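Chain by chain, the residues run as shown.
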Amino acid sequence: MVTMETNEIIFEKQIELESPEEGLVLLGACNGNASLFSEAFNVSCDSTANGVVLRGTDKPSVEMASRIMDRLYQLLRTGAAPVTEQLIRYLIDAAREGSLADVEAFTPDLICVNAKGRPISSKTKGQQLYVDAIRKHELTFAIGPAGTGKTYLAVAMAVKAFRAHEVSRIILTRPAIEAGENLGFLPGDLQSKVDPYMRPLYDSLNDLMGFETYQRHLEKGEIEISPLAYMRGRTLDDAFIILDEAQNTTREQMKMFLTRIGYNAKAVVTGDITQIDLPARRKSGLAEAASLLGNLEGIKSIRLTERDVVRNPLVQRIIRAYEKDSTSSRKDHSNRRPRP
C-alpha cells in the first residue's frame with residue numbers, strides 16, 4: 001500500500017495477527033522491539049486492530065522489515081522460539097549482510113531444560129549446525145569467538161546425553177594455561193588452585209543440573225572436571241568428554257587427548273584461536289587438529305562467527321573491531337618491503 005504524506009511516498013506493509021496480545025509481544029515492552037526496526041530500517045511499527053503495520057519511505061527497507069517481522073510471528077505462533085532482542089538483532093544483522101535467506105529458515109533447536117525449567121536451545125543457525133554436529137558425530141571441533149555458546153551448548157548436550165543414559169559420565173577438562181595470570185600464586189592445595197580456572201564449567205553444570213544434583217553426581221564420580229594433564233594414560237569409555245579452551249593445547253597435548261576417546265564415547269573440542277595464551281613460538285594444536293581431522297569419518301569441524309554471539313551486542317562490535325584491526329595489521333606487514 002502506498003499513501004501520500006507531506007509530499008513523501010510512504011510505503012506500508014500490514015501483518016495480520018490472531019490477537020492484539022500477539023502484537024504486543026512482537027513490538028515488545030514499551031515498544032522496545034519496534035525501536036530496533038526503526039534504528040535498522042528507518043521504519044515505524046504500530047499496532048492496529050488487525051495486527052501490526054510497518055511504514056517507511058524506502059520500499060526495500062519496509063519489505064525487509066516486514067519479512068523479518070513475519071518470521072518472528074511464525075516462530076511466535078508455532079511456539080518454536082520466544083521473540084527476544086537477541087533474535088531480532090540476529091535477523092537484522094543477517095539482512096544487512098545480505099544473508100537473511102540463509103538464516104530465515106532457522107528454527108531454534110530445543111536441547112534440554114535447565115534446573116529452573118528454562119528451555120535451552122540454539123539461538124543462531126551457526127549454533128544449530130554445531131548442535132547437529134554433536135548429535136551426529138563422535139568428535140566435534142567448535143572454533144569461534146567468545147560469547148558464541150561453544151562451551152555452554154556442549155555442556156547442555158552432555159547433560160542431555162547423561163539424563164537419557166546414553167553415557168554414564170561427563171568429563172570436562174581444560175589445559176592448565178592461564179590468561180596472563182599464574183595460578184601458582186593462589187592459596188591452597190592443587191584443587192583450590194584449579195577451581196577458579198574451572199569455574200565456567202562449574203557454572204554451566206550448576207545452571208543446567210542444579211547445585212545439589214551436580215554435587216551428588218560429582219561425589220559419585222559420574223561428573224569429573226580436571227586439568228588436561230590428568231587425562232594422560234586413561235581410556236575414556238561410555239562418556240561425554242569436553243575439552244574446553246583447546247586453543248591453549250600444544251600439538252602433543254591435543255593428540256594425547258584425542259587418543260583417550262574410548263568406546264561409546266562422544267567428544268567435543270572447543271576454543272577460540274584468536275585468544276591463544278601459549279608461550280611464544282608454541283603452536284596451538286586446535287586449528288591444526290580441526291584442519292587435519294575435520295574430513296575424517298565421524299568427525300566434524302564447525303566454525304562459529306561474531307554473528308553467533310549471544311551475549312551483549314557490544315561483544316559483537318568488540319570482536320569485529322579486533323578482527324578489522326588484525327586484518328589491517330596483516331596488510332601493513334605484507335606491504336612492508338625489506339631494506340636493500
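Just so you know, these numbers come straight off a predicted model, no measurement behind them. Counting starts from 1 at the beginning of each chain's written sequence and moves along it residue by residue. Under the rules for a predicted model, residues below a pLDDT of 70 receive no local features and side-chain atom pairs below 80 are neither given nor counted, while totals for whole chains, interfaces and linings still include all residues. The basis for every side-chain value is the complete set of non-hydrogen atoms in the structure, without hydrogens or water.

## Some details on the overall build of the chain
To keep it simple, the criterion reads: We count a stretch as a helix when DSSP gives it H or I for four or more residues in a row; a strand needs E for two or more, and each element gets its number in order from the N terminus. The buried label goes to any residue with under 20% of its type's maximum accessible area, the exposed label to any with over 50%, and the partly exposed label to all in between, with areas taken from a 1.4 Å probe on protein chains only. In what follows, residue pairs with any heavy atoms lying within 4.5 Å of each other are defined as contacts. Using a 1.4 Å probe, accessible areas were evaluated by the Shrake-Rupley method; residue-level cover was limited to the displayed protein chains.
Across its full length, the chain holds 13 helices and twelve strands. Sorting the 340 residues of the chain into buried and exposed places 46% on the buried side. Contacts in the chain between residues far apart in sequence, at least 24 positions, make up 70% of those at least 6 positions apart. Within the structure as shown, the chain displays about 18,500 Å² of accessible surface, and the carbon and sulfur contribution to it stands at 51%.

## Some remarks on the nonpolar core
For clarity, the threshold we go by: Buried Ala, Val, Leu, Ile, Met, Phe, Trp, Tyr and Cys residues form a nonpolar core when they are joined through side-chain atoms within 4.5 Å.
Membership of the largest hydrophobic core comes to 35 residues, with the highest contact counts inside it found for Tyr 130, Leu 205, Ile 225 and Phe 240. For this core, the elements supplying multiple residues, two or more each, are strand 5 (110-113), helix 6 (125-136), helix 7 (150-163), strand 8 (169-174), helix 9 (199-209), strand 9 (223-227) and strand 10 (239-243). Top contributing element to this core by residue count: helix 7, with nine residues. In contact with Phe 240, not counting residues within four places along its chain, are Ile 134, Ala 154, Met 157, Ala 158, Ala 161, Val 167, Arg 169, Ile 170, Ile 171, Lys 266 and Val 268. Membership of the second largest hydrophobic core comes to 32 residues, among which are Phe 11, Phe 37, Leu 72 and Ile 92.

## Side note on helix 6
Put simply, the rule reads: Expected helix span is taken as 1.5 Å per residue step, with the number of steps being one fewer than the number of residues.
Here helix 6 is twelve residues long and its end C-alpha atoms lie 16 Å apart, about the 16 Å a rise of 1.5 Å per residue gives. Buried within helix 6 are the following residues: Gly 126, Gln 127, Gln 128, Tyr 130, Val 131, Ala 133 and Ile 134.

## A look at helix 1 (residues 20-27)
Residues separated by three or four positions in an α-helix point in the same direction, a consequence of the helix having 3.6 residues per turn. As a reminder of what qualifies: Each C-beta atom gives one direction from the helix axis, and the arc is the one those directions make.
Of all the positions in helix 1, only Glu 22, Gly 23, Leu 26 and Leu 27 are classed as buried. End-on, the buried residues of helix 1 take up no more than an arc of 130 degrees, which puts them together on one face. Residues Glu 21 and Leu 24 are exposed on helix 1 and point more than 90 degrees away from its buried face. Close packing links the buried residues of helix 1 with helix 2 (32-41), strand 3 (44-47), strand 4 (51-56) and helix 3 (59-78). Remark: Gly 28 follows helix 1 within two positions and exhibits a positive phi of approximately 85 degrees.

## So, the pattern of salt bridges
What counts here: One speaks of a salt bridge when a side-chain nitrogen belonging to Lys or Arg is within 4 Å of a carboxyl oxygen belonging to Asp or Glu.
Inspection of the entire model under this criterion finds 15 salt bridges. Measuring nitrogen to oxygen at the nearest pair gives 2.8 Å for the salt bridge that ties Glu 85 to Arg 89. In this pair, Glu 85 and Arg 89 are both assigned in helix 4 (residues 85-96), four residues apart and thus about one turn of the helix distant. Classification of Glu 85 as partly exposed rests on a relative accessible area of 41%. Where Arg 307 meets Glu 97, a salt bridge forms, and the shortest distance between an N and an O atom there is 2.5 Å.

## Some remarks on the packing of helix 7 against helix 9
The line we're drawing: Here an angle of 0 to 180 degrees is reported between the N-to-C directions of two axes, which are lines fitted to C-alpha atoms, with helices fitted over the stretch in contact. Small angles under 35 degrees read as roughly parallel and large ones over 145 as roughly antiparallel, with 65 to 115 read as roughly perpendicular and the rest as oblique. Note: crossing handedness is left-handed where the near helix turns anticlockwise from the far helix by less than a right angle, and right-handed where it turns clockwise. Residues were grouped as follows: Ala, Val, Leu, Ile, Met, Phe, Trp, Tyr, Cys and Pro as nonpolar; Asp, Glu, Lys and Arg as charged; and all remaining residues, including Gly, as polar.
The interhelical angle for the contact between helix 7 and helix 9, taken along N-to-C directions, is 50 degrees, at an axis separation of 10 Å. Accordingly, the angle class assigned to the pair helix 7 and helix 9 is oblique. In the packing of helix 7 onto helix 9, the handedness of the crossing is right-handed. Together, Thr 151, Tyr 152, Val 155, Ala 156, Val 159, Phe 162 and Arg 163 of helix 7 and Leu 201, Ser 204, Leu 205, Asp 207, Leu 208 and Met 209 of helix 9 make up the contact between the two elements. Within the contact of helix 7 with helix 9, the residues separate by chemical class into nine nonpolar, two polar and two charged.

## Some thoughts on the packing of aromatic side chains
Ring pairs (aromatic) are described by centroid distance and by the angle formed between their planes. The condition that has to hold: Centre distance within 6.5 Å is the pairing criterion for rings of Phe, Tyr and Trp, where only the six-membered ring of Trp is used; planes under 30 degrees apart are then read as stacked, over 60 as edge-to-face, and the remainder as tilted.
Applying the stated criterion across every chain, the model contains three aromatic pairs. A centroid spacing of 6.5 Å and a plane angle of 40 degrees characterise the contact between Phe 37 and Phe 41, whose relative ring orientation is tilted. Residue Phe 37 and its partner Phe 41 are located together in helix 2, separated by four residues, close to a single helical turn. Like Phe 41, Phe 37 is buried. Ring geometry for Tyr 90 and Phe 106: centres 6.0 Å apart, planes at 80 degrees, overall edge-to-face.

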